[in-house]
Amino acid sequence: MNALLGMAEKTYRWLDERLGIGMVTRATLLHPVPRSVNWWYVFGSAVLTLFIFQIVTGMFLAMTYVPSPDHAYASLDYISHHQLFGNVLRGLHYWGASAMVLLIFIHMTAHFLTGSYKYPRELQWITGSILLILTITMAFTGQLLRWNQDAYWAIVVGAEQAARTPFIGTWVAQLLVAGQHVNGATLTQIYAVHIWLVPGAMLTFIGVHLYLVIYKGISEWPVPGKPVDPKTYWAEYQEILHKDGEPFYPVAISKDAIFNLIVIVTVVALAIFVGGQALGLQANPLTPANPKPDWYLIWDFAILASIPPAATPWVIIFFPAVAFGILFVIPLANKGERHFSRRPWAVAIAATAAISTLVLILLGYQEPWKPVLTLNSSGTNVLIPTLPKQDYLSLSLEAQKGAQLMHVEACLSCHKIGNVGGQRGPNLSAVGDRLTADQLTWRILRGGGGMPTYGNVLKPAQLNELVAFLETRSANKPQQAAGPGSSP
Amino acid sequence: MNLTRKVFSREGFLTLLLLSVGGVASVAYAIPIVAFVLSPLIKQEPKVWRDVGGDSSFKLGETVQVNFKYADQFNSSWAGPTQYTAAWLRKLSPGKYVAFASYCTHLGCPVHWVSAPQIFLCPCHGSVFTADGSVAGGPAPRPLFRYLTRVRNGRVEIRTEPQPTVGFTTA
């Protein structure tokens, strides 16, 4: 045993003499941190851990994935369903990415609220903001590599948005798809961006970000009423480290380690029990699609559906420009109070951003603006909602035909009756209570408010059938499943 | 001048030399790389006519989906599904057609034709277009884009175009 230990020590000495491991490790592990460093400081290291795992899982996924538009989907199908632990590996990569995006936002919010970006750590914030943009780019390009219908149309939609950039829009869009439309070079370019270009940039900026953690030190927990003054801060910080500091190892690093463990266990559990994101149907511009981005971009999708159409070109370009622009000017306010209890505006901004993002994500999943067009299982056809027969069997023959027309004429894509149909237009479950036959006829013929005119589409008999059916929709008749009515 | 003296010193000269060597090497590598990446902007794709079916096979007043190949001349052997695109073709009168791009004019999602009510529905944000391509509702800012069509020797042909808003030249 002693001989073994002796040998290990000898080997270490030999290596240390030539590599200087001890010096670097001591400088890193033993660098002093303020004793006030608490559980709000653990998120950054979790993001770093996830990034390292993303590189590892990505590297191994790349051993099977074929980045060519004619085989990418098949290779993913193989990974997911035939390769040993393939779906778990995809799950690790997907849930790792999701956790990374989520934790970056929490990491940023924590340091924003504690004013850690103030003097002398402005560049810590700037490099972090660049890393946020790069991470979102990774999340987006990663979703595209799935090469299903969502991916194909996300590229098209991405190009359409880029095309709205003033003056150079067309060029940006063409650069994005590597051509004048999605083509044979698009996927390989996205792949190269995802595995080389952006990770390379990220490694560079992570290097700077970490170097700054050591060089400028971890910020102390803010004290209300103790503002940052660039003239005196650095001396004060040194004083804190001297009087009330402790080495990063072992106390502070243990908090990081515990939180990292929780994150990793969660990601692994999700990878095992849920697996990779469903593959969906293969990219195919010739069959119908219901495209939708992953959660980390669905809020943008929701914004674009909810704003007035005239504002669209402005919002597409200026919203991200302003949002990211704000990130970069935040450290200009590098003086003053750090504690959130003295910065009500900072708290208000962070809360507004967090709440609106959550609401938009939820909205993005509900898609109330969208006509219901379900795809059949092979994705070759679009299905329009149908009313269950028992909903109208007891009605007159005319009204029964009207109920069927609700499906044929795609009324139910936008209107809800009972539990069936879309939320795009007013709910018609009790429309008979609020509109007369004449009013119904008028609405159907004229359309308006987003509804197409049916005047030149319906035969007079069909119109009467529809009206006859709709008149029977009332909240007072218990045999009809009535949902909450909304005003037209 | 202190700076002038420094530049003309042995150390200054060698520093300038090092920077120039680095600069020249970077530029020499950057030119082909930038050109390589920008080639889609420089090399414009030709527009070609694609046969989408016989004139007699389309019914008057009916809107149907037709599929055709882009004019991609270089990388089509591995391009898989990306070589093709779809259009909604409507026969207006014998020998006269209109072909709408399937891309919604809002953000480019594929619009779907619903034949009974004669409307195109967009699955992304719910834009609605009438049979003639004009906007009936939703956030779409303009009517559906149109391809050029022609009938030759009894065959209907559509002229290829880039992805709309990336540069649709016909409508």
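For every chain, the first residue of the written sequence is number 1, and numbering continues from 1 along that sequence. Labels follow written order: the first chain is A, the first ligand is 1, and so on. Only residues with pLDDT of 70 or above have their local features reported here, since the model is predicted, and side-chain atom pairs are shown and tallied only from 80 upward, although totals for entire chains, interfaces and linings are computed over all residues.

A. Just the overall build of chain A, in detail. Secondary structure elements are taken from DSSP: a helix is a run of H or I of four residues or more, a strand is a run of E of two residues or more, and numbering for both begins at the N terminus. Scanning chain A from terminus to terminus reveals 19 helices and six strands. Burial status across chain A gives 39% buried among its 488 residues. A fraction of 76% describes how many contacts in chain A between residues 6 or more apart in sequence connect residues 24 or more apart. In this scheme every C-beta is placed from the backbone, and a residue whose C-beta has 20 or more other C-beta atoms within 10 Å is buried, one with 12 or fewer is exposed, and one in between is partly exposed. Here, residue contact means that the backbone-derived C-beta atoms of the two residues sit within 7 Å.

B. Seen up close, the overall build of chain B. Across its full length, chain B holds two helices and eleven strands. We compute the radius of gyration over the C-alpha atoms and compare it with the globule rule, which gives 2.2 Å times the number of residues raised to the power 0.38. For 171 residues, the compact-globule estimate of 2.2 N^0.38 gives 16 Å, and chain B exceeds it by more than 25% at 26 Å. Seen through its principal axes, chain B has C-alpha atoms that stretch 85 × 40 × 25 Å. With 171 residues in all, chain B has 40% of them scored as buried. For chain B, the share of sequence-separated contacts (at least 6 apart) that also reach a separation of at least 24 residues comes to 44%.

C. Quick look at the sheet that holds strand S1 (residues 49-54) of chain B. Residues and elements named next belong to chain B. Pairing between strands requires that DSSP locate at least two bridges from one strand to the other. The three strands lie next to each other as S1-S11-S10, forming an open sheet whose pairing is antiparallel. In the strand order of this sheet, the two ends are held by S1 and strand S10 (149-152), each with one partner. When strand polarity is set aside, the average angle formed by the axes of neighbouring strands in this sheet is 30 degrees. Bridge count between S10 and strand S11 (residues 155-159): four bridges; the pairing is antiparallel. From the neighbouring strand, Val151 faces S11, where its bridge partner is Val156. Axis definition: a line fitted to C-alpha atoms, over the contacting stretch in the case of helices. Angles run 0 to 180 degrees between N-to-C directions.

D. Up close: the confidence of the model for chain A. Every residue gets a pLDDT, meaning the predictor's confidence in that residue, from 0 to 100. Looking at chain A as a whole, the pLDDT averages 92, with 98% of positions reaching at least 70. Residue range residues 478-488 of chain A is modelled with pLDDT below 50. Its contacts to residues more than four positions away, or to other chains, number 25 contacts.

E. Representation of the environment of Gly280 of chain A. Residue and element names in this part refer to chain A. Tracing the sequence through the fold places Gly280 in the loop between helix H11 (248-273) and helix H12 (295-306). When the C-alpha atoms of Gly280 and Arg146 are compared, they prove to be 9.0 Å apart, with 134 residues separating the residues in sequence. Not counting the four nearest positions on each side in its chain, Gly280 is found in contact with Asn148, Gln149 and Asp150.

F. Examining the nonpolar core more closely. Among the nonpolar cores identified, the biggest contains 133 residues, and Leu50, Met100 and Ile155 of chain A together with Ala87, Phe120 and Phe129 of chain B are the most heavily contacted of them. If you tally residues by element for this core, the top one is helix H5 (residues 86-113) of chain A, at 13 residues. Residues enter a nonpolar core if they are buried, belong to Ala, Val, Leu, Ile, Met, Phe, Trp, Tyr or Cys, and are joined to the set through C-beta atoms within 7 Å.

G. Expanded view of the domain arrangement of chain A. As used throughout, domain bounds are those supplied by an automatic or database domain assignment. Partitioning chain A into domains gives domain 1 (1-30), domain 2 (34-366) and domain 3 (384-471). Once you take the C-alpha centre of each, domain 1 of chain A and domain 2 of chain A turn out to be 37 Å apart.

H. Molecular detail of the interface of chain A and chain B. At the interface, 52 residues of chain A touch 44 residues of chain B. Counting residues per element, the ones that place at least two in the side of chain A that touches chain B are helix H7 (149-162), helix H8 (169-177) and H12 of chain A. Charged means Asp, Glu, Lys or Arg here, nonpolar means Ala, Val, Leu, Ile, Met, Phe, Trp, Tyr, Cys or Pro, and polar covers whatever is left, Gly included. Residue composition of the side of chain A that touches chain B, by class: 31 nonpolar, 16 polar and five charged.

I. Quick peek at the sheet that holds strand S4 (residues 96-101) of chain B. All names here are of chain B. The four strands lie next to each other as S2-S3-S4-S9, forming an open sheet whose pairing is antiparallel. Strand pairing shows two members of the sheet lacking a second neighbour, strand S2 (63-69) and strand S9 (146-147), which therefore form its edges. By the bridge criterion, six bridges tie strand S3 (residues 84-93) to S4 in an arrangement that is antiparallel. Following the sheet pairing, Leu89 is matched in S4 by Ala99.

J. How the structure looks around H8 of chain A. Among all positions of H8 of chain A, only Gly169, Ala173, Gln174, Leu176 and Val177 of chain A are buried. The buried residues of H8 of chain A all sit within an arc of 160 degrees when viewed along its axis, so they share a single face. In this structure, the buried residues of H8 of chain A make contact with H7 and helix H9 (186-215) of chain A together with helix H2 (10-42) of chain B. Immediately beyond the C-terminal end of H8 of chain A, within one or two residues, lies Ala178 of chain A, with a positive phi of roughly 55 degrees. Read the arc as the range of directions from the helix axis to the C-beta atoms.

K. Main features of the packing of H7 of chain A against H8 of chain A. All names here are of chain A. H8 packs onto H7 with a crossing angle of 155 degrees between their chain directions and a minimal axis gap of 7 Å. Classified by the angle between their axes, H7 and H8 sit roughly antiparallel to one another. The interaxial crossing formed by H7 with H8 has right-handed handedness. Along the contact surface, H7 presents Ile155, Gly158, Ala159 and Ala162, while H8 presents Gly169, Val172, Ala173, Leu176 and Val177. Of the residues contributing to the contact of H7 with H8, the split by class is seven nonpolar, two polar and no charged. Oblique is the label for every angle not falling under 35 degrees (roughly parallel), over 145 degrees (roughly antiparallel), or within 65 to 115 degrees (roughly perpendicular). Left-handed describes a crossing whose near helix is turned anticlockwise from the far helix through less than a right angle; right-handed describes the clockwise counterpart.

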